[in-house]
Amino acid sequence: MKIEIDLDKCQGYAQCVLEAPEIFELNESGLAQTLAAGVTSENEKYALAAADLCPMQAISINN
Ligand code: F3S
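My aim in this report is to walk through the structure given alongside it, one point at a time. (Residues numbered from 1 in each chain as written. Predicted model: local features only at pLDDT ≥ 70, side-chain atom pairs only at ≥ 80, totals over all residues. Heavy atoms only, no water.)

1. Re the site of the ligand
And then number 1: Surrounding the ligand, one finds Cys10, Gln11, Gly12, Tyr13, Ala14, Gln15, Cys16, Leu26, Ala32, Cys54, Met56 and Ile59.
And then number 2: Grouping the amino acids of the shell around the ligand by side-chain chemistry returns nine nonpolar, three polar and no charged. (Near = heavy atom within 4 Å. Nonpolar A, V, L, I, M, F, W, Y, C, P; charged D, E, K, R; others polar.)

See the structure below:
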């Protein structure tokens with residue numbers, strides 16, 4: 001599974017970073033970027049929760 005962030009949608013709300021700081025961080029522009037290359041069985045639930053929490057629905061988790 002792979003994490004994709006739509007930077008046209010991201011507004012820097014950082015809910016993803018708060019939910020899953022091992023997976024997401026903010027870049028120098030204040031928008032989300034990933035720290036982890038992909039979703040593992042260990043971090044999957046946090047990635048999915050972060051995607052759900054994003055107010056802009058900017059995060060997608062794809063197979
Ligand atoms: Fe951006 Fe959503 Fe995270 S707006 S900073 S992807 S919570």
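2. Comments concerning the nonpolar core
And then number 1: Among the nonpolar cores identified, the biggest contains 15 residues, and Ile3, Phe24, Ile59 and Ile61 are the most heavily contacted of them.
And then number 2: Elements that contribute at least two residues to this core include exactly helix H2 (44–53) and strand E4 (59–62).
And then number 3: With three residues, H2 is the largest single contributor of residues to this core.
And then number 4: Apart from the residues lying within four places of it in its own chain, the contact partners of isoleucine 61 are Met1, Lys2, Ile3, Val39, Ala47, Leu48 and Ala51. (Core = buried A, V, L, I, M, F, W, Y, C linked by side-chain atoms within 4.5 Å. Buried < 20%, exposed > 50% of the residue type's maximum accessible area, 1.4 Å probe, protein only. Helix = DSSP H or I, 4+ residues; strand = E, 2+ residues; numbered from the N terminus. Contact = heavy atoms within 4.5 Å.)

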